[in-house]
Amino acid sequence: MNGSGWVRPGFAAFADELGDAGILRASLSDGVATLTLNRPERRNSLTREMAHGLLRGLVVAGDDAQVRVIVLRGADGTFCAGDDVLAVDRWREGDRDAAPFDPVTSDAYYLRICEVILGAPKPVVAAVEGAAAGAGAEIVCAADYRLLSTSARIGSCLVGVGHVGNVVLMSRLIGPGRATEIYLTGRLVPAAEALAIGLADKVVQPEDFDKELARLAEGFGQAPTRAIGLFKELRERTWGQPATTGLRLQDAYHLRTHAEVRDSGEGLRAFTERRPPSFTGH
């Protein structure tokens, strides 16, 4: 609530506003906020409307205390083929209405989406079936956990259209050499290789995918959400810093955990009492 008494609508209200038939779907169940890209006829490629909605949904989910974990996925067996190429081509010709860029600054929405994912004060899971390319791959790399179906393929594909991207976050996961090879060849990395090189955290068969996703989301949803948020904030602040700087920041955040995370007390009590903790996310 701000000084005028205005309260930001929660994720459940956001999901109701979207409905079930649009190009972006949202649902909230037992603390799990799911955002589903829903343009299967265009392999869930991003338009301005879809990207802006996804960005808004991520912000709302991050702010909503009822949300403990965020899941990103695509409809009908494909994650996201990137920015809609036809819309981008029209943008180059002067049509500013459809491409997934800010109409004033021309910033790519997927980059803002990645920033919000990295800063979200709760875990973000990318549930990847089928292709994740270009902007779709960037979003996958920004997530905190990557669950892949054996059908999943992740890559840049940007060299094929003469564009640049997938440098920063992919390099952070798998190193600049591997990221360069994936960009230069334009290939999509199959799920088994993605797991081997650190581009995926777990790979499961298609028939087990939804069950494993539900299991993961439930587990993350029962975790100490506030502590996870601080961990992510510390991760971003220490990335690329000298070790001594990072260790000082880590100690400061450890002290913040004692002062700010109510679940930390429950965790210590549960440990000493030899019982499972019951975290509230605060």
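Heads up: these notes are all about the structure in this document. (Residues numbered from 1 in each chain as written. Predicted model: local features only at pLDDT ≥ 70, side-chain atom pairs only at ≥ 80, totals over all residues. Heavy atoms only, no water.)

Overview of the packing of helix α10 (residues 225-238) against helix α11 (residues 243-260)
Interaxial distance between α10 and α11 falls to 10 Å at its minimum, and their mutual angle equals 160°. Relative to α11, the element α10 lies roughly antiparallel. You can see that α10 and α11 cross each other, and the crossing is right-handed. Residues R226, L230, E233, L234, R237 and T238 of α10 lie in contact with α11, whose contacting residues are G246, L249, Q250, Y253, R256, T257 and E260. A breakdown of the residues in the contact of α10 with α11 according to their chemical character gives 4 nonpolar, 4 polar and 5 charged. (Axes fitted to C-alpha atoms, helices over the stretch in contact; angles between N-to-C directions. Helix = DSSP H or I, 4+ residues; strand = E, 2+ residues; numbered from the N terminus. Parallel < 35°, antiparallel > 145°, perpendicular 65-115°, else oblique. Left-handed = near helix turned anticlockwise from the far one by under 90°. Contact = heavy atoms within 4.5 Å. Nonpolar A, V, L, I, M, F, W, Y, C, P; charged D, E, K, R; others polar.)

Details of helix α2 (residues 48-63)
Given a rise of 1.5 Å per residue, 16 residues ought to cover 22 Å, and the 23 Å separating the end C-alpha atoms of α2 matches this to within 8%. Residues R48, M50, A51, G53, L54, L55, G57, L58, V60, A61 and G62 constitute the buried set of α2. In this fold, the buried residues of α2 make contact with α1 (11-18), β1 (24-29), β2 (32-37), β3 (69-74), α4 (109-119) and α5 (135-142). (Expected span 1.5 Å × (residues − 1). Buried < 20%, exposed > 50% of the residue type's maximum accessible area, 1.4 Å probe, protein only.)

Points about the side chain of D83
Mapped onto the elements, D83 comes out in the loop between β3 and α3 (85-92). Buried within the structure, D83 lacks any salt-bridge partner; R39 is the closest side chain of opposite charge, at an N-O distance of 9.2 Å. Those residues in contact with D83, other than ones at most four positions away along the chain, are S45, L46, V88, P100, F101, Y110 and A135. (Lys, Arg positive; Asp, Glu negative; His and termini not counted. Salt bridge = Lys/Arg side-chain N within 4 Å of Asp/Glu carboxyl O.)

Quick notes on the pattern of salt bridges
Applying the stated criterion across every chain, the model contains 22 salt bridges. Its salt-bridge partner being R42, residue D84 comes within 3.2 Å of it at the nearest N-O pair. With D84 in the loop between β3 and α3 and R42 in the loop between β2 and α2, this pair connects stretches of sequence that are 42 residues apart. One salt bridge in this structure joins R256 and E260, with 2.9 Å as the shortest N-O distance. Pair noted here: R256 and E260 are both in helix α11, with a separation of 4 residues, about one helical turn. Overall, the relative accessible area of 26% leaves R256 in the partly exposed class. Residue E260 is classed as partly exposed on the basis of its relative accessible area of 35%. Salt bridges linked by common partners bring D144, R172, K232, R235 and E236 together as one network.

A few points about the pairing of strand β6 (residues 145-149)
Taken across its 5 residues, β6 has 5 buried, putting it largely inside the fold. In this sheet, β6 lies alongside strand β4 (residues 124-128) in parallel orientation, the contact comprising 4 bridges. Its bridge partner lying in β6, A127 is registered against L147. Across 3 bridges, the pairing between β6 and strand β9 (residues 202-204) is parallel. Bridging across to β9, L148 finds its partner in V203. (Pairing = 2+ DSSP bridges.)

Description of the nonpolar core
Counting residues in hydrophobic clusters, the biggest one holds 59 residues, and the most contacted among them are F11, L35, L46, L72 and I139. If near-sequence neighbours (up to four positions away) are discounted, L72 is found in contact with L35, L54, L58, F79, I117, V124, V125, A126, A127 and I139. (Core = buried A, V, L, I, M, F, W, Y, C linked by side-chain atoms within 4.5 Å.)

What about a nonpolar patch on the surface?
A surface patch of nonpolar side chains, about 310 Å² in accessible area, is lined by V164, V167 and V168. With respect to the secondary-structure elements, V167 resides in the loop between β7 (153-155) and α6 (168-174). Residue classification places V167 among the partly exposed positions, given a relative accessible area of 47%. (Patch = residues over 30% accessible without salt bridge, like charges linked within 9 Å, V, L, I, M, F, W, Y side chains within 5 Å. Areas by Shrake-Rupley, 256 points an atom, 1.4 Å probe, with all protein chains shown as cover.)

Notes on the packing of aromatic side chains
Within the structure shown, the criterion is met by 2 aromatic pairs. Judged by centre distance (5.7 Å) and plane angle (40°), the rings of F11 and F14 are tilted. Residue F11 and its partner F14 are located together in helix α1, separated by 3 residues, close to a single helical turn. There is no split in this pair, since F11 and F14 are both buried. The residue whose ring lies beneath R172 is W239, and the NZ or CZ to ring-centre distance is 5.0 Å. When the ring centre of Y253 is taken as origin, the NZ or CZ atom of R256, which lies over that ring, is 4.9 Å away. (Phe/Tyr/Trp six-rings, centres within 6.5 Å; stacked < 30°, edge-to-face > 60°. Lys NZ or Arg CZ within 6 Å of the ring centre and 35° of its normal.)

Here we look at the side chain of D84
D84 sits in the buried class, given a relative accessible area of 4%. Only 3.2 Å separates the side chain of D84 from the side chain of S45, close enough to count as a polar contact. (Polar contact = N/O pair within 3.5 Å; in protein donor to acceptor, adjacent residues only side chain to side chain.)

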